[in-house]
There are 2 protein chains.
Amino acid sequence: MYMMDQLYEAVACRGPVCVGLDTAAEYIPPKERRDVSPAEAVLAYNRVLVDHTKDIAACYKVQIAYYEALGRSGLTAYAQTLRYIREQGSLVIGDVKRGDIADTAAQYARAHFEGDFAVDFVTLSPYMGMDSLEPWLVYADRTGKGAFVLLRTSNPGMRDFEYQELKIGGRLYEAVGERLALAMTQRSGVHGYGAFGAVVGCTDPAEASAIRERWDRLFFLIPGYGAQGGTAQDAALLFRKANGGVVNASRSILKAWTRIPGLDPQGVDKVAAAQAARDTVIQMRDALCAALQDREPAEVS
Amino acid sequence: MYMMDQLYEAVACRGPVCVGLDTAAEYIPPKERRDVSPAEAVLAYNRVLVDHTKDIAACYKVQIAYYEALGRSGLTAYAQTLRYIREQGSLVIGDVKRGDIADTAAQYARAHFEGDFAVDFVTLSPYMGMDSLEPWLVYADRTGKGAFVLLRTSNPGMRDFEYQELKIGGRLYEAVGERLALAMTQRSGVHGYGAFGAVVGCTDPAEASAIRERWDRLFFLIPGYGAQGGTAQDAALLFRKANGGVVNASRSILKAWTRIPGLDPQGVDKVAAAQAARDTVIQMRDALCAALQDREPAEVS
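Residues numbered from 1 in each chain as written. Chains lettered and ligands numbered in written order. Predicted model: local features only at pLDDT ≥ 70, side-chain atom pairs only at ≥ 80, totals over all residues.

Caption draft 1: Seen up close, the overall build of chain A. The helix and strand tally for chain A stands at 11 helices and eight strands. Taking the principal axes of its C-alpha atoms as reference, chain A extends roughly 60 × 50 × 35 Å. Counting all 301 residues of chain A, 58% fall into the buried class. Residue pairs at least 24 apart in sequence account for 75% of intrachain contacts in chain A once pairs closer than 6 positions are excluded. (Helix = DSSP H or I, 4+ residues; strand = E, 2+ residues; numbered from the N terminus. Buried ≥ 20, exposed ≤ 12 C-beta atoms within 10 Å, placed from the backbone. Contact = placed C-beta atoms within 7 Å.)

Caption draft 2: Region of interest: the interface of chain B and chain A. Opposite the 49 residues of chain B that make contact, chain A presents 49 residues. With six residues, helix 5 (residues 102-113) of chain B is the single largest residue contributor to the side of chain B that touches chain A.

Caption draft 3: Inspection of the pairing of strand 2 (residues 59-63) of chain B at higher detail. Residues and elements named next belong to chain B. Of all the five residues making up strand 2, five are buried; the element is thus mostly covered by neighbouring parts of the structure. Side chains C59, K61 and Q63 of strand 2 all project onto a buried face; the interleaved residues Y60 and V62 project onto the opposite face, where all are buried too. Where strand 1 (residues 17-20) meets strand 2, three bridges bridge the pair, whose relative direction is parallel. Each residue of the ladder has a partner; that of G20, found in strand 2, is K61. Strand direction decides the pairing type here: strand 2 and strand 3 (residues 92-98), joined by four bridges, are parallel. (Pairing = 2+ DSSP bridges.)

Caption draft 4: Main features of helix 4 (residues 71-87) of chain A. Look at helix 4 of chain A: 24 Å from first C-alpha to last across 17 residues, which is about the 24 Å you get at 1.5 Å a residue. All of the buried residues along helix 4 of chain A are G71, R72, G74, L75, A77, Y78, T81, L82 and I85 of chain A. On its buried face, helix 4 of chain A is in contact with helix 2 (38-53), strand 2 (59-63), helix 3 (64-68) and strand 3 (92-98) of chain A together with helix 4 (71-87) of chain B. G89 of chain A, located one to two residues past helix 4 of chain A, shows a positive phi value of around 85°. (Expected span 1.5 Å × (residues − 1).)

Caption draft 5: Inspection of the sheet that holds strand 6 (residues 196-200) of chain A at higher detail. All names here are of chain A. Around the barrel, which closes on itself, the eight strands sit in the order 1-2-3-4-5-6-7-8 with parallel pairing between neighbours. Strand-to-strand twist in this sheet, taken as the mean axis angle between neighbours without regard to direction, amounts to 30°. Of the strand pairs in this sheet, strand 6 and strand 7 (residues 220-222) are connected by two bridges, and their pairing is parallel. By the bridge assignment for strand 7, A198 is matched with F220. (Axes fitted to C-alpha atoms, helices over the stretch in contact; angles between N-to-C directions.)

Caption draft 6: Local environment of the relation of the copies chain B and chain A. When chain B is fitted to chain A, the best match, at an RMSD of 0.0 Å, comes from turning it 180° and sliding it 0.0 Å along the axis. The relationship between the two copies is best expressed as a two-fold rotation axis. Residue by residue, 100% of the interface of chain B is reproduced at the interface of chain A, so both copies engage with the same surface. (Least-squares fit on C-alpha atoms with pLDDT ≥ 70 in both.)

Caption draft 7: A look at the pairing of strand 3 of chain B. Residues and elements named next belong to chain B. With seven of seven residues buried, strand 3 is to be regarded as a mostly interior element. Of the two faces of strand 3, the one carrying V92, G94, V96 and R98 and the one carrying I93, D95 and K97 are both buried. Sheet analysis places strand 3 next to strand 4 (residues 121-124), joined by three bridges and oriented parallel. From the neighbouring strand, G94 faces strand 4, where its bridge partner is V122.

Caption draft 8: Structural detail: the packing of helix 8 (residues 205-214) of chain A against helix 9 (residues 232-239) of chain A. Residues and elements named next belong to chain A. The N-to-C vectors of helix 8 and helix 9 enclose an angle of 20°; their axes lie 7 Å apart at closest approach. On the basis of their axis angle, the class for helix 8 and helix 9 is roughly parallel. Contacts from P205, A208, S209, I211 and R212 in helix 8 reach D234, L237 and L238 in helix 9. Classifying every residue of the contact of helix 8 with helix 9 by side-chain character gives five nonpolar, one polar and two charged. (Parallel < 35°, antiparallel > 145°, perpendicular 65-115°, else oblique. Nonpolar A, V, L, I, M, F, W, Y, C, P; charged D, E, K, R; others polar.)

Caption draft 9: Representation of the environment of R14 of chain A in the model. Residue and element names in this part refer to chain A. When you line up the elements, R14 lands in helix 1 (residues 3-14). A residue is classified by how many C-beta atoms lie within 10 Å of it, and R14, with 18 of them, is partly exposed. Sequence spacing of R14 and D55 is 41 residues, and the spatial spacing of their C-alpha atoms is 6.8 Å. Excluding residues that lie within four positions of it along the chain, R14 makes contacts with D55, I56, A57 and A58.

Caption draft 10: Layout of helix 7 (residues 172-184) of chain B. In a regular helix each residue adds 1.5 Å, so 13 residues correspond to 18 Å; helix 7 of chain B covers 19 Å between its end C-alpha atoms and thus fits that length. Burial in helix 7 of chain B covers these residues: L172, Y173, E174, A175, V176, G177, L180 and M184 of chain B. Looking at the buried residues of helix 7 of chain B, the elements they touch are helix 7 (172-184) of chain A together with strand 5 (146-152), strand 6 (196-200) and helix 8 (205-214) of chain B.

Caption draft 11: The environment of R83 of chain A, seen in detail. Note that R83 of chain A resides in helix 4. Once the C-alpha coordinates of R83 of chain A and V119 of chain A are considered, the two residues, 36 residues apart in sequence, prove to be 8.6 Å apart.

Caption draft 12: Representation of the packing of helix 5 of chain B against helix 6 (residues 134-143) of chain B within the structure. All names here are of chain B. Orientation of helix 5 relative to helix 6, taken along the N-to-C sense of each, is 40°, at an axis distance of 7 Å. Overall, the two elements helix 5 and helix 6 adopt an arrangement that is oblique. Here A102, A105, A106, A109 and F113 of helix 5 come into contact with helix 6, specifically with E134, P135, W136 and Y139. Its residues placed into classes, the contact of helix 5 with helix 6 shows eight nonpolar, no polar and one charged.

Caption draft 13: Region of interest: unusual backbone geometry. All names here are of chain B. Phi angles above zero are rare outside glycine, and D35 is one such case at about 65°. Here D35 shows up in the loop between strand 1 and helix 2 (38-53). Judged by local crowding, D35 falls into the exposed class, with 8 C-beta atoms found within 10 Å. The backbone of K97 sits at a positive phi, close to 45°, despite the residue not being glycine. Structurally, K97 can be placed in strand 3. Given 27 C-beta atoms within 10 Å, K97 falls into the buried group.

Caption draft 14: Fine view of the nonpolar core. Ranked by internal contacts, the top residues of the largest apolar core, which has 215 residues, are V149 of chain A together with V149 of chain B. Excluding anything up to four places from it in sequence, V149 of chain A contacts L124, P126, L133, V176, L180, F196, A198 and V199 of chain A. (Core = buried A, V, L, I, M, F, W, Y, C linked by C-beta atoms within 7 Å.)

Caption draft 15: Quick peek at the sheet that holds strand 3 of chain B. All names here are of chain B. Spatial ordering of the closed barrel is given by 1-2-3-4-5-6-7-8, a layout of eight strands whose pairing is parallel. Along the sheet, successive strands turn relative to each other by an average axial angle of 30°, direction set aside. When strand 4 meets strand 5, the two strands line up parallel, connected through four bridges. Within strand 5, the position partnered with V122 by the bridge is A147. Sitting on the sheet, helix 9 (residues 232-239) touches strand 6, strand 7 (220-222) and strand 8 (245-249), and the angle it makes with strand 7 is about 170°.

Bear in mind that shape data such as this cannot, by itself, settle questions of function.
Here is the structure:
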């Protein structure tokens, strides 16, 4: 059984929200930042957020850049955050977007699938080619671990290269999708999805539908919801095939406390912030499920 | 003045060798691995290698994957290696190949241009587009720091995506080169090279010549020499325009001690290993300079 099967089941059970712990210190209530280092504040905040969301989140995505930015103490907070999530029985994606040649990729795979920084899934960048993914696939074959490969992101710059039309037909991201889907034909889980999935950002409805239909065996990690402008309707197009993806939100959850009506920002504590985060996750989950229901009849008819 | 100007001057002064500290514990003489942790052995070995090569190396490239693979203690060794190199007055490239959307890229830039993991140059992956490079360029504009963007690598998988022909003409890597060169028109250093350069692996002579001519304002980081099969002649084609690149070798230098004639592997210590590494760097530098001399008349005539 692949981790991707477990993620599918987590979505079926608890809904499609992936809570993004891209925890910048400035997203934490000021009261919780006093008298502790930024890394300590980040870890403590992550823990209380996990406590308050683990029953309603499909998984967590931890963006390592925010921890690397704090240096060695930040990476200690990263390691401890990962360990805490896994101890709670939740799945965790290390958003590391690594991509390097084979020997080096093998070192990265060891770094992020074993030891201090062990996660269930990573994110990977495909620029250097399929051989840069191979050492990670060894872990899929041996331990069931998974990855999400960058396909089509939703940042403006995605037009520069990902969206380039190729002479052989299709765009660059489509070539990545085809190669990835091919590599997954031998690595199909019990729910029909491959061990490795893809990162696909919210996009226009026609393209989202086409992407979902075309790679119907790839599970999607869908970023860009909330603070980055994606809506529940956008996202639902990408995961509507039975539980075929998780939708990530980070800042809108981490900073939910800033939207508490009438609140004194200096007075809010981490438990109140985590409760606001929980409310945001529930709203997001319900909006995604409602959007999914809206779409399903059209698809079936 | 950009760091890239300093690197140009280091090449003019000490030759084009970039010493790659992709230091896996198993590359270190067994004697030096006893009674210490792998991370401690790596740091001690790096230090003695730097001591023995700093007068003949243009710069150092430290591949972070090998350190991440050792977890938190490995990243401490990474930070201490970087600090040691800079204390010795040498330039250092953090081979991190990061690439992410703008907000996250800003965190990565902070991580690798400031604090524990501060380096003079990083390597970057362009898949997500030019906006993923922008936060790094802020540092070029403010502090002179530099980067090498993945262009055309020499691993077999580079044919999968980098080498794809685009409908607008040219291959994907050429589109990356064009965009990068454009971004450098406003960031040209005193020696004519842009603040950011490119990673270009050893390739066939015609293509290497074409790449060098086309992006004559981009300084190249040239991997693939030695253990990966590239020759001095291959590399010289890529840096022949006056000091236009550094050529990296890692394993052939780190493991030079394994080629000492008649040596007892169990008896060799780190000083003997560093002396063998030094000899290898000198041979490599001299071979590159000889190959460069061979080519120059043909270019001038």
